[in-house]
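Spelled out, the chains give:
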Amino acid sequence: MPVTFSRLRDAALCVAAALALAACTDGADSDKQTVSEKQPLAQQASLSLPPGSWQLSCNNASLSNDVLTASCKTLSGNTTQASLYGVSNCLGRIVQGGDIGNIDGSLICIPDLPRVDASFVFPQSERTINNWVYGGDDEAMYRHGWGIWAGLTQQAGVVDGQPVRAFQTWATPSNMKYRMKNETAPPQRHLDLEPARQFRNKAHLASQAQAQGDGDTHIAVSVAYNPPAANHAIRNRLFLQSTLETFLKEGYEEIPNFPSNAITIKPVYKVINASNTQDGIYTMPGWPGTPSPARTFGEDTWNACVYIDVNGSGSGGSEIDQGCSGRNASNTFYLSNFIHHPVTAADAEYLAAQLSVKVSEGDYVILVGMHVGTREVKRWAWQTFWWSANADQPELPSSERIASLRPAVLDEAARHYAMSVGYAMVSPAQPIIGGKNEGEPVISYNPHLEAGFDPGVFQIKRPINGDQLMEYGVQTNCMTCHGLAFYDPKVDYSADGGANREKPYAADFYMSLDDAVFEGKLKLDFAWSILGVLELDAE
């Protein structure tokens, strides 16, 4: 990708900041640089202090011996003294698109994506990825997807006394909206969860009954952007309807494209609390694999269970309980087998108002899935992950071949997830414009998100090869569906509880970037999340 003036300018600012840091240690009189608490937060930035979103919710900052110290707001409304060590190392991450943020009173060096393997390249060049796609090099795509997962799940710091992974430090839309409109902003939340928005397309899925025979079927989701994606959305004010209307009036057919190192994610969680555990055992549906023939296959129909001993520890089993007949050692797991996080008092107060399940301090959230999109290519590169009882031999839409390529750097919890990728809509891959809707369908979906979709969810249906109609959630492809993310000025996005924000959806088929469906619309660069959280002019 060409190096733009803005990239050179940003890099120069960071280098200047690094030089200023070095100068700070030259003598006792110049060892410490401070910023008065009386200054407006937005004016606190200087070359003697590192840049970052932390400036929006911290003040009285100082830098000494490579340690940034500041008074930072917490989610409870209090102020606490926070420190970030090794600031000079963090500046290197900022040059690559990272940030220094305040997450509930903790200063965190937020990466764009950690490179935990020296051989892993991110962002990879569009030419290279296209060579994989059009050359049918599945293994290269799988390795790249796992490299992204390894970076997402790396430890990035400590918040509220608990370690957090890189993906948990990224900005959510609520935080980005504050930064879009205000000089000051509250600290970020690392557990900013809500019901799954796409279930507004299918009302019954939003209110699946608790205590089904196959365990807890509630899920909660989040959306988060890595720093390059967040900065792009904030600078361009992409979450405001007025912005999108202006682009249309000025003749734009799509929003300004995200940078190549942008990543958007949708983590999927379950809440473990007192009401859904019995004698310390939490039961949830275990993914049994893609059904054949294809059908609507929501969690409440899996008829398979896994059991989590909340108080125990160990390596865990490797099987699901087909039929949910009873718990034994082979189908019992522990919190350490999941990426999980305890719920704090501040988290509980917020989540209790957001979710339909009770959430209290001391409960746990466990990660059961995650959609990940990276803007390395025009149509984005898509990978989705979900927890697997036997991650060495995962069920479809993953495979044992995919699992065999997991990098050794993954820790015990991160290794318990399966992956599927969707770098094309059909195989052999078609060009981005003017291709044909033919070939073999490329299926890539998340069991916890799309598997329950029935044909009524999809407004656009086009059979592949003229006769292969994909019309169930287990026949979807992230690229096809996200390709339909557009803003239509004729649609009332406040109607029907916001369900219009999740339309049109589609299962898998090939679609050109100049498809007639986009006429009169504003394409959102494959980011459904923009429409999902869009702040309407009347709001």
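Concerning the nonpolar core
If you look at the biggest cluster of nonpolar residues, it comprises 75 residues, and the most contacted ones within it are Trp149, Leu152, Ile265 and Ile366. It is helix H4 (residues 138–152) that provides the largest number of residues to this core, a total of eight residues. Not counting chain neighbours up to four residues away, the residues in contact with Leu152 comprise Leu113, Arg165, Ala166, Phe167, Trp170, Ile265, Met370 and Val372. Core analysis: the next-biggest nonpolar cluster, separate from the first, contains 54 residues, Phe453, Met479, Ala507 and Leu534 among them.

Some thoughts on the environment of Phe458
Residue placement: Phe458 occurs in the loop between strand E22 (440–441) and helix H10 (478–483). Phe458 sits in the buried class, given a relative accessible area of 6%. The spacing of Phe458 and Ala506 is 48 residues in sequence and 4.8 Å in space, taken between C-alpha atoms. Ignoring sequence-local partners within four residues, the contact set of Phe458 consists of Phe453, Glu471, Tyr472, Gly473, Thr476, Tyr505, Ala506 and Ala507.

Points about the pairing of strand E18 (residues 364–374)
Most of E18 sits inside the fold, with ten of its eleven residues counted as buried. Across ten bridges, strand E11 (residues 263–272) lies against E18 in antiparallel orientation. Bridging from a neighbouring strand, Ile272 pairs with Tyr364 of E18. Examined bridge by bridge, E18 and strand E19 (residues 381–387) share six bridges and lie antiparallel to one another. Counterpart to Val372 in the pairing with E19 is Gln383. Here E18 folds back onto E19, and the loop between the two strands holds six residues, one of which, Trp380, carries a positive phi near 65 degrees.

Comments concerning the confidence of the model for the chain
Mean pLDDT over the chain stands at 89; residues scoring 70 or higher make up 88%. Low pLDDT (under 50) marks residues 1–47, which in the prediction has 62 contacts with non-local residues, meaning those over four places away or in another chain. Confidence drops under pLDDT 50 across residues 203–212; counting only partners more than four residues distant or on other chains, this segment forms 14 contacts.

Considering the packing of aromatic side chains
Scanning the model with the defined rule gives 18 aromatic pairs in all. Each ring, one from Trp149 and one from Tyr417, has its centre 5.3 Å from the other, and the planes form 50 degrees; the classification is tilted. Linking Trp149 in helix H4 with Tyr417 in strand E20 (residues 417–422), this pair joins segments that are 268 residues apart in sequence. Residue class for Trp149 comes out buried when judged on its relative accessible area of 0%. Ring centres of Phe247 and Tyr252 lie 4.9 Å apart, and the angle between their planes is 55 degrees; on these two criteria the pair is classed as tilted. One aromatic cluster in this structure is built from Tyr225, Phe239, Phe258, Trp380 and Trp382.

So, the environment of Val457
Locating Val457 in the fold gives a position in the loop between E22 and H10. Counting along the chain gives 14 residues from Val457 to Glu471, while the straight-line C-alpha distance between them is 8.6 Å.

What counts, and at which threshold
Residues numbered from 1 in each chain as written. Predicted model: local features only at pLDDT ≥ 70, side-chain atom pairs only at ≥ 80, totals over all residues. Heavy atoms only, no water. Core = buried A, V, L, I, M, F, W, Y, C linked by side-chain atoms within 4.5 Å. Buried < 20%, exposed > 50% of the residue type's maximum accessible area, 1.4 Å probe, protein only. Helix = DSSP H or I, 4+ residues; strand = E, 2+ residues; numbered from the N terminus. Contact = heavy atoms within 4.5 Å. Pairing = 2+ DSSP bridges. pLDDT = per-residue confidence, 0-100. Phe/Tyr/Trp six-rings, centres within 6.5 Å; stacked < 30°, edge-to-face > 60°.

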